[in-house]
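Residue strings, one per chain:
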Amino acid sequence: MTTSTATATGIPAVRPYESYVYAYPHKTAYRPLPERPVLRELWAAERKDALSLYLHIPFCEVRCGFCNLFTRIGAPEELTTRYLDALDRQAVAVRDALGDDGPVRFAAAAFGGGTPTFLTAGELERLCDIAEKRMGADLRAVPLSVETSPSTATADRLAVLADRGTTRISIGVQSFVDAEAKAAVRPQRRAEVEGALGQIRNARIPVLNIDLIYGIDGQTERTWLTSLDAALAWRPEELYLYPLYVRPLTGLHRLGAGVTGPEAEALEQAAWDEQRLRLYAVGRDHLLAHGYEQVSMRMFRRADAPQEGPEDYACQTDGMIGLGCGARSYTSALHYSFDYAVDMREIRSIIDSFTATQDFSRAEVGRYVDEEEARRRHLLQSVLQAAGLPVADYRARFGTDPWADFPAELAEFAARGWLDEGAPEGLLRLSPPGLAHSDALGPALFSPGVRAAMAAYERK
C-alpha cells in the first residue's frame, strides 16, 4: 500500500484512490510471449461449456479527458470495415482453436470499447453475425451487454441491438451538468443526453445502466445530487458511480488537472481525495434511499430490477474469449491479449497492425497465472463485491483458507476496519468503510511479481 500520514490509531493512512481494479493482473503486467503459444494447445484441456465472449470496438467519436481506454477518435478510410474484416478472421481462427471435441457454449456476451455504437446499424448487424455465425454464440439466449454514448445511441442502432437480443445497455453520461462535462473534457449537452436516454427506453432493452463520475473540478454536493436525480428520473436498473482518475497520457493529465505530486502538492491531492470520498458517500446514501442496492463500490442495482446483465467483474473461474485488439482472453493458466497503449499515435499503430494481421492462431502478449495468482484473483474479485466471499467456495476451489493464504493482508484490512465483523460466519465481507476504500484494498492484494511488472511497464 502507498502510505501517507498516520491515523489516530497509529496505523499508516492510505490514499483511497490507488487504482481501479477491473481485472487482475492488469494489462500493464502483460509482456510479449516469446514462444507465441498456439491457441489450440492453450484451450485443449480447458472447460468450454460456459465461456464469456467479449468483442472490442476501439473507436469513439471523441476522447474524454479522463479516458485511458484503448480507443481512437474516428475511423477514416473505411477503417471500421477493415477492422471488422480482421475481427471476422480472428473469430474464425479462435473458434477453430476451441475445437469440437467437447461442448463449446457461451454463457454471456458483451460488446465494449471504445464505443461499439460508433459502428453504423449495418456494421452492428455484422458484429452480431461474427459473434453468432463465427463463434456460435446465441445472443438471444444469453445476457448481452453493449456500451454506448449519448451521440451514438440512435434509434436505428438501438433497434438492431434490441432485435439481436441485447439485454443491457450501458451509457456513459458522467454528468448531467454541462459545465462539469466540459471540465471533464467531454463535449456534450444535457439535452443530447436526455434524448439518448429516451431512445434507449423506447428500444425496450431490459436493463439500462447509467455511468456517472464524481470528483470533477468544480463539482459540489449540490451539483452531484443534480446529476444523480437526473439519472434517477429515468429509473435505470443500474447505476455506476466512478471516482474521477487523472491517468498518465490522458487529456486531463496533459492539462495538468488532478495533481499527484507527493511533496508541494500533497495538500491539494489530499483535498481531492477528501472530495471524492465525500461525494461517494453522498451518492451511495442517495441511491440506497431511493431503492437501490449496493453491489460493489461502483455498482448499484435497483432492488426490483431484473438481473439480466453480467456483474461488474469477471467471474472467478476462467474462460473468457476476447475478440479485437483491445480484448483480453483468459484460460486457467494464461491471460492474453494484444499490445496495450494510451497514447493516440501508439493506439493507431496497434489498430493498423491488427487490421493487417492474417494469422490469429497464436497468443501474442500476456501473462501466465499460477496457482498463487489464481488465489489472489479469486479473493480480490470476490471481496470487492458487497456480497463478499463465502469461504467455503474458496476452500472448495483451492483446498485452503483465505486467512491462511493471505494472513498479512487480511489482518491489515481488519485492523483498518475494512472487514465486516458482523458478517455471518463463513463469509468474508467488507464493511462500508472497506467498500469505500476498494481502490486501495484491491491494489494491496497484488502480488510482488505483478507489482514489479506494472512498475517496469513503459507507458506508450
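Residues numbered from 1 in each chain as written. Predicted model: local features only at pLDDT ≥ 70, side-chain atom pairs only at ≥ 80, totals over all residues. Heavy atoms only, no water.

## So, the overall build of the protein chain
Scanning the protein chain from terminus to terminus reveals 17 helices and 19 strands. A separation threshold of at least 6 residues defines the contact pool for the protein chain, and within that pool the share at least 24 residues apart is 76%. When the accessible surface of the protein chain is totalled, it reaches about 19200 Å², and 53% of it is carbon and sulfur. (Helix = DSSP H or I, 4+ residues; strand = E, 2+ residues; numbered from the N terminus. Contact = heavy atoms within 4.5 Å. Areas by Shrake-Rupley, 256 points an atom, 1.4 Å probe, with all protein chains shown as cover.)

## Digging into helix 6 (residues 190–203)
Look at helix 6: 20 Å from first C-alpha to last across 14 residues, which is about the 20 Å you get at 1.5 Å a residue. Listed as buried for helix 6 are Val 193, Ala 196, Leu 197, Gly 198 and Ile 200. Positive backbone phi, at 60°, marks Arg 204, one or two positions downstream of helix 6. (Expected span 1.5 Å × (residues − 1). Buried < 20%, exposed > 50% of the residue type's maximum accessible area, 1.4 Å probe, protein only.)

## Some thoughts on helix 9 (residues 266–289)
End to end, helix 9 covers 35 Å across 24 residues, agreeing with the expected 34 Å (1.5 Å per residue, within 8%). All of the buried residues in helix 9 are Gln 269, Trp 272, Asp 273, Gln 275, Arg 276, Leu 279, Tyr 280, Val 282, Gly 283, Arg 284, His 286 and Leu 287. Looking at the buried side of helix 9, the elements it contacts are strand 10 (207–214), helix 7 (221–232), strand 11 (238–243), strand 12 (292–294), strand 13 (299–302) and helix 15 (432–436). Just downstream of helix 9 lies Gly 291, where phi reads positive at about 85°.

## Quick word on the confidence of the model for the protein chain
Looking at the protein chain as a whole, the pLDDT averages 89, with 89% of positions reaching at least 70. Note on residues 1–9: pLDDT is under 50 here. Beyond four places in sequence and across chains, it has 23 contacts. Confidence drops under pLDDT 50 across residues 248–255; counting only partners more than four residues distant or on other chains, this segment forms 25 contacts. (pLDDT = per-residue confidence, 0-100.)

## Describing the pairing of strand 4 (residues 51–57)
Within strand 4, 6 of the 7 residues are buried, leaving the element largely enclosed by the surrounding structure. Pairing of strand 4 with strand 7 (residues 106–113) involves 7 bridges; the strand directions are parallel. Its bridge partner being in strand 7, Leu 53 is matched across the sheet by Ala 109. Two elements, strand 4 and strand 14 (residues 320–323), share 4 bridges in a ladder whose sense is parallel. When the bridges of strand 14 are listed, Ser 52 appears paired with Met 320. (Pairing = 2+ DSSP bridges.)

## Structural notes on unusual backbone geometry
The amide bond that connects Tyr 24 to the next residue, Pro 25, takes the cis arrangement and shows omega of -5°. Note the cis peptide between Gly 113 and Gly 114, where omega equals 15°. Examined against the element boundaries, Gly 114 turns out to sit in the loop between strand 7 and helix 3 (121–134). One non-glycine residue, Gln 174, lies in positive phi territory at about 75°.

## Remarks on the nonpolar core
Counting residues in each nonpolar core, the largest one holds 113 residues, and the members touching the most others are Leu 53, Leu 212 and Ile 321. A per-element tally of this core places helix 2 (residues 79–98) first, with 9 residues. In this structure, Leu 212 is in contact with Val 173, Gln 174, Ser 175, Phe 176, Trp 224, Ser 227, Leu 228, Ala 231, Leu 239, Tyr 240, Leu 241 and Tyr 242, ignoring residues within four places of it in sequence. Counting 6 residues, the second-largest nonpolar core is a separate cluster that includes Ala 184, Ile 213, Ile 216 and Leu 244. (Core = buried A, V, L, I, M, F, W, Y, C linked by side-chain atoms within 4.5 Å.)

## Section: the pairing of strand 17 (residues 365–368)
With 2 bridges joining them, strand 3 (residues 31–32) and strand 17 adopt antiparallel strand pairing. Paired with Pro 32 across the two strands is Val 365, which belongs to strand 17. Examined bridge by bridge, strand 16 (residues 334–337) and strand 17 share 4 bridges and lie antiparallel to one another. Paired with Ser 337 across the two strands is Val 365, which belongs to strand 17.

## Quick notes on the packing of helix 2 against helix 10 (residues 344–356)
Direction vectors running N to C along helix 2 and helix 10 enclose 55°, while the axes themselves pass 8 Å from each other. By the angle between their directions, the pair helix 2 and helix 10 is classed as oblique. The element helix 2 and its partner helix 10 pack so that their crossing is left-handed. Contact with helix 2, carried on its side by Leu 79, Arg 82, Tyr 83, Ala 86, Leu 87, Arg 89 and Gln 90, involves Ile 351, Asp 352, Phe 354, Thr 355 and Ala 356 of helix 10 and no other residues of that element. (Axes fitted to C-alpha atoms, helices over the stretch in contact; angles between N-to-C directions. Parallel < 35°, antiparallel > 145°, perpendicular 65-115°, else oblique. Left-handed = near helix turned anticlockwise from the far one by under 90°.)

## Side note on the packing of helix 7 against helix 9
Between helix 7 and helix 9, the shortest axis-to-axis distance is 10 Å and the interhelical angle comes to 35°. Every pair of crossing elements has a handedness; the one defined by helix 7 and helix 9 is right-handed. In contact with Glu 221, Trp 224, Leu 225, Leu 228, Asp 229 and Leu 232 of helix 7, helix 9 contributes Arg 278, Leu 279, Val 282, Gly 283, His 286 and Leu 287. Broken down by class, the residue content of the contact of helix 7 with helix 9 amounts to 7 nonpolar, 2 polar and 3 charged. (Nonpolar A, V, L, I, M, F, W, Y, C, P; charged D, E, K, R; others polar.)

## Things to note about the pattern of salt bridges
Evaluation of the coordinates by the stated rule reveals 31 salt bridges. Look at the salt bridges and you will find they share partners, linking Glu 125, Asp 129, Glu 132, Lys 133, Arg 140, Asp 163 and Arg 164 into a network. (Salt bridge = Lys/Arg side-chain N within 4 Å of Asp/Glu carboxyl O.)

## Comments concerning the packing of aromatic side chains
Tallying each qualifying case throughout the model produces 16 aromatic pairs. Taking 6.3 Å as the distance between ring centres and 85° as the angle between the ring planes, the aromatic pair formed by Tyr 17 and Tyr 245 counts as edge-to-face. Taken together, the residues span a long stretch of sequence, with Tyr 17 in the loop between strand 2 (12–14) and strand 3 and Tyr 245 in the loop between strand 11 and helix 8 (251–255) at a distance of 228 residues. Each member of the pair, Tyr 17 as well as Tyr 245, carries the same accessibility label: buried. Arranged with centres 4.9 Å apart and planes meeting at 50°, the rings of Tyr 394 and Phe 398 form a pair that is tilted. Here Tyr 394 pairs with Phe 398, and both are found in helix 12 (residues 391–398), just 4 residues apart, close to one helical turn. Put simply, the rings of Phe 59, Tyr 83, Phe 118, Phe 338, Phe 354 and Phe 360 touch in pairs and so form one group of aromatic residues. The aromatic ring of Tyr 245 is capped on one face by Arg 276, whose charged end is 5.9 Å from the ring centroid. Positioned above the aromatic ring of Trp 418 is the side chain of Arg 416, whose terminal nitrogen or guanidinium carbon lies 5.5 Å from the ring centre. (Phe/Tyr/Trp six-rings, centres within 6.5 Å; stacked < 30°, edge-to-face > 60°. Lys NZ or Arg CZ within 6 Å of the ring centre and 35° of its normal.)

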